[in-house]
Amino acid sequence: MIIRTATEKDLDIISELEQLCFPIKEAATREIFKQRLKYYSNHFLLLFDNGKLISFIDGFVTDIKDLTDEMYDNASMNNENGKWQMIFGVNTLHEYRNKGYASLLIEEMIKEAKKQKRKGLVLTCKKHLIEFYSKFGFINEEISQSTHGEVEWYQMRLTFKKKIKD
């Protein structure tokens, strides 16, 4: 297994995996991924098994506190100095699910956000995934303002605790 950040050359395999993982109304298009890779390929973590992309996580960085629908489609909103690491998607091939691969990428994204001195991470998820994300320390902030894909989403936030100076 290899984890690495994405490049623009990964566009086709990322787009293909997205289409396999999400319903058409929720899935990002190839064009959207092209823009995301242009603006923040360094915030895509890809997981490969023997050279095959099996899972990825992505999202940009912003000072805006809450995840909005505009963020999904407007990659130019990325602000490398932003306080919050957003997560727009966690994708895993069906045959690789429930084996800890998505968890591995989420933990890696959390570690990277800490290293980059972010305030924390924000994501939205469907109700049945609230418990899953809670295991990583995300707190449910209830129903999100996002209606992306005409679905009810719950916003979850992981805020890093500040270190107390002596």
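In this text, all values refer to a predicted model and were calculated from it rather than measured experimentally.

Draft legend 1. The arrangement of the sheet that holds strand β3 (residues 52-58) in detail. Ordered by their spatial adjacency, four strands build an open sheet running β1-β2-β3-β6, and the pairing between neighbours is antiparallel. Strands with a single pairing partner mark the edges of an open sheet, and in this sheet they are β1 (2-5) and β6 (89-92). Within this sheet the neighbouring strands show an average axis-to-axis angle of 20°, counted without direction. Examined bridge by bridge, β3 and β6 share four bridges and lie antiparallel to one another. Each residue of the ladder has a partner; that of I57, found in β6, is V90. The strands that helix α4 (residues 101-115) touches are β1, β2 (44-49), β3 and β6; relative to β3, the one it contacts most, it runs at about 45°.

Draft legend 2. The arrangement of the pattern of salt bridges in detail. One pass over the structure, following the stated rule, counts 10 salt bridges. Between D10 and R4 there is a salt bridge, with its nearest N and O atoms 2.8 Å apart. Note on D10: relative accessible area 6%, which makes it buried. Between R157 and D66 there is a salt bridge whose closest N-O contact spans 2.9 Å. One end of the pair, R157, is in strand β9 (residues 154-159); the other, D66, is in the loop between β4 (61-62) and α3 (69-73), and 91 residues separate them in sequence. Its relative accessible area of 31% is what places D66 among the partly exposed residues. Through salt bridges with shared partners, a single network forms among D66, E141 and R157.

Cut-offs and rules
Residues numbered from 1 in each chain as written. Predicted model: local features only at pLDDT ≥ 70, side-chain atom pairs only at ≥ 80, totals over all residues. Heavy atoms only, no water. Pairing = 2+ DSSP bridges. Helix = DSSP H or I, 4+ residues; strand = E, 2+ residues; numbered from the N terminus. Axes fitted to C-alpha atoms, helices over the stretch in contact; angles between N-to-C directions. Contact = heavy atoms within 4.5 Å. Salt bridge = Lys/Arg side-chain N within 4 Å of Asp/Glu carboxyl O. Buried < 20%, exposed > 50% of the residue type's maximum accessible area, 1.4 Å probe, protein only.

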